[in-house]
Amino acid sequence: MLIKLTRQVLPQIHNLSKALLVTSASGRNNFQLKQRNLMMASAADFERIDGKAALAEKILADLQSQIEAIRKAAIQSAGLEEEKQLIKENEELRKEIESVKTALFLAEVGNGVRQVQLPTKAALSAFSTQKLNTSDSVKVTNQVKQESVPQSSQQATEKKIEDSGKKTKQKESNSGEPVNNKKAKKEKIENVEESKNAGDTSLKKKANADNDSGDGTVDVSRLDLRIGKIVSVEKHPDADSLYVEKVDVGEGHHRTVVSGLVKHVPINAMKDRIAVFMCNLKPAKMRGVLSEGMIMCASGAEKTEILVPPTDSVIGDRVTCEEYPGTPDVQLNPKKKIWETLKPDVRTNADRVATYKGAPLLIKGKGVIVAPTLANTQIS
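Note that this is a predicted model, so its numbers are computed, not measured.

Trainee: Looking at this structure, how should I read the overall build of the protein chain?
Mentor: Helix and strand counts for the protein chain stand at 6 helices and 15 strands. Out of the 380 residues belonging to the protein chain, those deemed buried represent 25%. Sequence separation of 24 or more characterises 66% of the internal contacts of the protein chain that already satisfy a separation of 6 or more. Surface exposure of the protein chain reaches about 26,300 Å², of which carbon and sulfur atoms provide 56%.

What follows is the structure in structure tokens.
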């Protein structure tokens, strides 16, 4: 049985081996044919294939560079848009911050919080120049006063001195006793001082006469409104509703100003405050204290607020009205009632700006005078 099976399988195995040999030979022949065809290819074909390969690599490199350029341009465009958006947002934030700062400043001023403004270099330079001009003007004024003493008063003084000398000699000759030299000198000095006082009085009268003899125009230019600083403040010793302030208005000395602001402004908000003062009112006593000016305020029905000058204003700056130019009086004549006539037209407008007949009161080149919160209100 095993032998019979072996005889049947052996032919099949022999046929399979032959088929494998034929297949192997065929594959070898095909490989050799391809190898022969490849070897028969010309050098030009190889060069053409190399050229196409190099061209393909170049195209790929160009495509990669274009893709990179497009990517960078897209990033840059997105960055520019974002930068523009950020700049716009920053500008809006800046405006919002300025608005909040202004509102805070006005709220603090309205509640009596003292504001300290640091002077700029330009302001310091202007203040130094103003101080120098003020000192020069004081010297010139003193010189004018000395020169403007009437000659008649000088002659009268000389005559008095001569008469006193003659009387002294006459007494010495009559009594035979010398008169006290110190007493004679004292009388001479008193006579000279009387003559000087007479000259100063005549000078003031002349200045007031010059003011009264003008064109008769009564407008806000007649008022001497200046920026001043309250250097000290205390309550009036005899009046609970009054403050007594020492004010620097750029004259080289401090003025005393009495104001009825105790119920409206705390005392700690008064000291070192920069405000507007009327400086040419005739000095008047208020409960025994001589007041030499008036602090300008917006006065409403329920509260009173001190007017606020521009932040870069300095001591001695003059407040003017461009629509009404002119030179202020040396001193307002109480009989003429100039301030009483002007007062109804000195008010804040709807924007809280201090005005005269609707024209703003300002410091030239620096800004307008404002009230912290009161609009359409009387100023006094």
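Back to the write-up after that little detour.
Trainee: Any chance you could explain unusual backbone geometry here in plain terms?
Mentor: If a residue is not glycine, its phi is most likely negative; likewise, a peptide bond is most likely trans. Its identity as a non-glycine residue notwithstanding, R287 has a phi of 55 degrees, on the positive side. Mapped onto the elements, R287 comes out in the loop between β5 (284–286) and β6 (289–291). When its relative accessible area of 54% is taken as the criterion, R287 is described as exposed. The phi angle at K357 is positive, at roughly 55 degrees, despite the residue not being glycine. Relative to the helices and strands, K357 resides in the loop between β11 (354–356) and β12 (359–360).

Trainee: Honestly, the pairing of strand β1 (residues 225–235) in this entry has me stumped. Any pointers?
Mentor: Looking along a regular strand, one sees side chains alternate from face to face of the sheet. Here β1 runs beside strand β4 (residues 274–278); their pairing, made up of 5 bridges, is antiparallel. Bridge pairing in β4 places L225 opposite M278. In this sheet, strand β2 (residues 243–248) lies alongside β1 in antiparallel orientation, the contact comprising 6 bridges. Counterpart to S232 in the pairing with β2 is K246.

Trainee: Just to check I follow, could you spell out the confidence of the model for the protein chain for this structure?
Mentor: For any part of a model where pLDDT is low, the fine detail of the predicted coordinates should not be relied upon. For the protein chain, per-residue confidence averages 77 on the pLDDT scale, and 62% of positions sit at 70 or higher. Between residues 171–180, whose pLDDT stays under 50, and residues either more than four places distant or in other chains, the model counts 7 contacts.

Trainee: Got a minute to help me understand the pairing of β4 in this structure?
Mentor: With 4 of 5 residues buried, β4 is to be regarded as a mostly interior element. As paired strands, β4 and strand β7 (residues 294–295) are joined by 2 bridges and run antiparallel to one another. From the neighbouring strand, M278 faces β7, where its bridge partner is M294.

Trainee: Explanation requested: the pattern of salt bridges in the structure shown.
Mentor: Two side chains of opposite charge can pair, provided their charged atoms sit close to one another. The tally for this structure, following the rule as stated, stands at 10 salt bridges. Where E68 meets R71, a salt bridge forms, and the shortest distance between an N and an O atom there is 2.3 Å. You can see E68 and its partner R71 sitting in helix α2 (residues 43–110), 3 residues apart, about one turn around the helix. Residue classification places R71 among the partly exposed positions, given a relative accessible area of 44%.

Trainee: I keep staring at a nonpolar patch on the surface and nothing clicks. Help me out?
Mentor: The grouping of L55, I59, L60, L63 and I67 at the surface amounts to a nonpolar patch, some 490 Å² of accessible area in total. Relative to the assigned elements, I59 resides in helix α2.

Trainee: Is there a simple way to explain the side chain of H236 in this structure?
Mentor: Within the secondary structure layout, H236 lies in the loop between β1 and β2. A polar contact of 2.9 Å, which involves the side chain of H236, links it to the backbone oxygen of M286.

Trainee: What's the story with the side chain of E245 in this structure? I'm lost.
Mentor: Topologically, E245 is positioned in strand β2. For E245, which is buried and forms no salt bridge, the nearest opposite charge comes from R273, at a distance of 10.0 Å. Reaching out from E245, the side chain makes a polar contact with the side chain of S259 at a distance of 2.2 Å. Aside from chain neighbours lying at most four places away, what touches E245 is I230, S232, V233, R255, T256, V257, S259, M270 and F277.

Trainee: Could you clarify how one ought to interpret the sheet that holds β7 in this entry?
Mentor: Sheet strands line up and pair through hydrogen bonds in the backbone, either parallel or antiparallel. Across the sheet, which stays open at both edges, the 5 strands sit in the order β3-β2-β1-β4-β7 with antiparallel pairing between neighbours. If you trace the sheet from one side to the other, it starts and ends with β3 (254–259) and β7, each paired once. Pairing of β2 with β3 involves 6 bridges; the strand directions are antiparallel. Its bridge partner being in β3, V247 is matched across the sheet by R255.

Trainee: Looking at this structure, I do not really get the nonpolar core. What am I missing?
Mentor: Side chains of a nonpolar character, in soluble globular proteins, are inclined to be buried together. Formed by 25 residues in total, the largest nonpolar core has its most connected members in L223, M296, L307, V319, W339 and L361. At the level of secondary structure, the elements contributing two or more residues to this core comprise β1, β4, α6 (338–342) and β11. Counting residues per element, this core draws most heavily on α6, which supplies 3 residues. Within the second largest apolar cluster, 17 residues are counted, among which are I230, Y243, A275 and C297.

Calculation notes
- Residues numbered from 1 in each chain as written.
- Predicted model: local features only at pLDDT ≥ 70, side-chain atom pairs only at ≥ 80, totals over all residues.
- Heavy atoms only, no water.
- Helix = DSSP H or I, 4+ residues; strand = E, 2+ residues; numbered from the N terminus.
- Buried < 20%, exposed > 50% of the residue type's maximum accessible area, 1.4 Å probe, protein only.
- Contact = heavy atoms within 4.5 Å.
- Areas by Shrake-Rupley, 256 points an atom, 1.4 Å probe, with all protein chains shown as cover.
- Pairing = 2+ DSSP bridges.
- pLDDT = per-residue confidence, 0-100.
- Salt bridge = Lys/Arg side-chain N within 4 Å of Asp/Glu carboxyl O.
- Patch = residues over 30% accessible without salt bridge, like charges linked within 9 Å, V, L, I, M, F, W, Y side chains within 5 Å.
- Polar contact = N/O pair within 3.5 Å; in protein donor to acceptor, adjacent residues only side chain to side chain.
- Lys, Arg positive; Asp, Glu negative; His and termini not counted.
- Core = buried A, V, L, I, M, F, W, Y, C linked by side-chain atoms within 4.5 Å.

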